[in-house]
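In case you want the letters, here they are:
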Amino acid sequence: FHNLMNPVISSLFSGNAVVVKPSEHSTWSSMWFAGIIRRVLKHHGHDPNLVQIVSGEADVGQTLVSEGLVDKIFFTGSTAVGKKVALAAAATLTPVVLELGGKDPFVICDDADFSQACQLVMRGVFQNAGQNCIGVERVFVQDSIHQKFTDRIVPEVKALRQRINVDGWEVDVGAMTMGEPALKHIQRLVDDAVAKGAKLLCGGSRNTDVTHGAFYRPTVLDNVTSDMLVAQEEVFGPVMSIFSFKDDDDLVALANACPFALGSSVFSLNTRRARALTKRIDAGMANINDFGVNYLAQSLPFGGMKQSGYDKFAGVEGLRGCCMVKAVTEDRFPGVRTTIPPPMQYPMKKNAFAFVQELICLFYEPGWLHMADNVRNMMVMLVFRSWSPGVVSSGWH
């Protein structure tokens, strides 16, 4: 929903028509959401065909990107595909906004509101089964409260309900949208972490209790380190990776030891400390004592840095980015026009260079007497086209 709506809203409000090429895994829902937008446009007297959906696989996207058919491209997806999109768009110099993968850090300091942080980290990790670009992928807990944190979180994760939702809302974690490839990817990261010393506290495998669909059990990995694949690659699944840090410097080093930098969250009741950490952590967006709330504010720009992409949508930056910016000048006062002083008109007179010297000195001379001398010399040169002062008042020869 958000991946479709946000670029479309910015594009429409800045006066553009939009072509959306959704993932082949979400064509039906994209058509449904586009229908909402078209009804709104029609209700307000605008052409509903301003928004179009083009479905298909990679070849369709390749055509849209590489043939110069559009004025700007917004791409949301993996870093690997984002690089291909940027490369293809470069052939026609089409500008691209890349909103790519994330490994968002969620920092819990020893002076945080512990209960609040625990509530939000559960939402940040397991919402939409972890399939969220700004989902929490790395949880950094200060060592003095590390055990307290795992003692509380593990039972809550084990209690999460996972099944096909057919008779209500008594389900907490759904399936992997990308199916079997997603399950294999998550399992590879979890297995690598365990092999390198991470402690598997719960989950860690496909949920075979659900007979239909690609369900991965809600998982908690403890003692995760930066050399593990799960710390360097986007999981995009229901896996909580817990790191321990000693002090603020240790935290910043751990948090920034990652190629991604999309969003971040820092929890500390010491506002000065939280702000200082936010400034030092690599991220395009940051929330102090909250998670993902920046996404709710359309007045704020959205986007990351490093391997998480570049440029922004939403906010003033996003709206202006959807416009062809043009610089225009015009005369402000009636009767006032730009003219060229006679000595400088083509063909230029002998005293043209001296005239320019006097003009420059007029604006930068240190005293009124010098400036008066500049004005006098220029007035004389306007009358006598071949005359030049021997020395400009500033001392130029």
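K.L.:
Quick question: what am I supposed to make of empty space enclosed by the protein here?
P.N.:
Summary: where empty space remains is shown by rolling a probe the size of a single water molecule over the atoms. Applying the stated criterion across every chain yields a total of three cavities of 30 Å³ or more. In this model, the largest cavity occupies a volume close to 70 Å³. A breakdown of the residues in the lining of the largest cavity according to their chemical character gives six nonpolar, six polar and one charged. Roughly 50 Å³ of internal volume is contained in the second largest cavity. What lines the second largest cavity is G124, V125, G130, G135, V136, E137, V235, F236, G237 and V239. Listed by contribution, the elements that provide at least two residues to the lining of the second largest cavity are helix 5 (114-126) and strand 6 (136-142).

K.L.:
Hey, could you run me through the packing of aromatic side chains in this one?
P.N.:
Any aromatic ring pair is given by two values, namely how distant the centres are and how the planes are angled relative to each other. Scanning the entire structure with this criterion turns up five aromatic pairs. The rings of Y295, F302 and F313 are connected pair by pair, giving a single aromatic cluster. Positioned above the aromatic ring of F114, the side-chain terminus of K148 is 4.3 Å from the ring centre.

K.L.:
I keep staring at the pairing of strand 3 (residues 73-76) and nothing clicks. Help me out?
P.N.:
Regular strands place side chains that alternate from one sheet face to the opposite one. Burial along strand 3 is one-sided: the face carrying I73 and F75 is buried and the face carrying F74 and T76 is not. Each parallel crossover has a hand, and the one from strand 3 via helix 4 (residues 79-90) to strand 4 (residues 96-99) is right-handed.

K.L.:
What's the story with the environment of L300 in this structure? I'm lost.
P.N.:
Examined against the element boundaries, L300 turns out to sit in the loop between strand 12 (287-288) and strand 13 (305-306). Among the residues examined, L300 registers a relative accessible area of 40% and is labelled partly exposed. For the pair L300 and K312, spaced 12 residues apart in the sequence, the C-alpha separation amounts to 9.5 Å. If sequence neighbours within four positions are ignored, L300 has contacts with N294, F313, A314 and G315.

K.L.:
How should I be thinking about a nonpolar patch on the surface in this particular structure?
P.N.:
There is a patch of nonpolar side chains on the surface, built from V375, M379, L382, V383, F384 and W387 and spanning about 560 Å² of accessible area. Summarising the element assignment, W387 is placed in the segment after helix 13 (368-383).

K.L.:
Could you clarify how one ought to interpret the pattern of salt bridges in this entry?
P.N.:
Side chains that differ in charge, positive against negative, can pair when their charged atoms come close. This structure, assessed with the given rule, holds 16 salt bridges. When the shortest N-O distance is used, the salt bridge between R273 and D110 registers 3.0 Å. Linking R273 in helix 10 (residues 271-280) with D110 in the loop between strand 5 (104-108) and helix 5, this pair joins segments that are 163 residues apart in sequence. We classify R273 as buried; its relative accessible area is 15%. We note a salt bridge from D373 to R376, for which the minimum N-O separation is 2.4 Å. Of this pair, D373 and R376 are both found in helix 13, three residues apart, which corresponds to roughly one turn of the helix. One network of salt bridges, with partners in common, ties together D110, D111, D248 and R273.

Parameters at a glance
Residues numbered from 1 in each chain as written. Predicted model: local features only at pLDDT ≥ 70, side-chain atom pairs only at ≥ 80, totals over all residues. Heavy atoms only, no water. 1 Å grid on protein atoms, 1.4 Å probe; cavity = no way out; pocket = protein on both sides within 12 Å on 5 of 7 lines; lining within 4 Å. Points joined across faces, edges and corners; volume = space filled by probe spheres on them. Nonpolar A, V, L, I, M, F, W, Y, C, P; charged D, E, K, R; others polar. Helix = DSSP H or I, 4+ residues; strand = E, 2+ residues; numbered from the N terminus. Phe/Tyr/Trp six-rings, centres within 6.5 Å; stacked < 30°, edge-to-face > 60°. Lys NZ or Arg CZ within 6 Å of the ring centre and 35° of its normal. Buried < 20%, exposed > 50% of the residue type's maximum accessible area, 1.4 Å probe, protein only. Right-handed = clockwise from strand over helix to strand, strands pointing away. Contact = heavy atoms within 4.5 Å. Patch = residues over 30% accessible without salt bridge, like charges linked within 9 Å, V, L, I, M, F, W, Y side chains within 5 Å. Areas by Shrake-Rupley, 256 points an atom, 1.4 Å probe, with all protein chains shown as cover. Salt bridge = Lys/Arg side-chain N within 4 Å of Asp/Glu carboxyl O.

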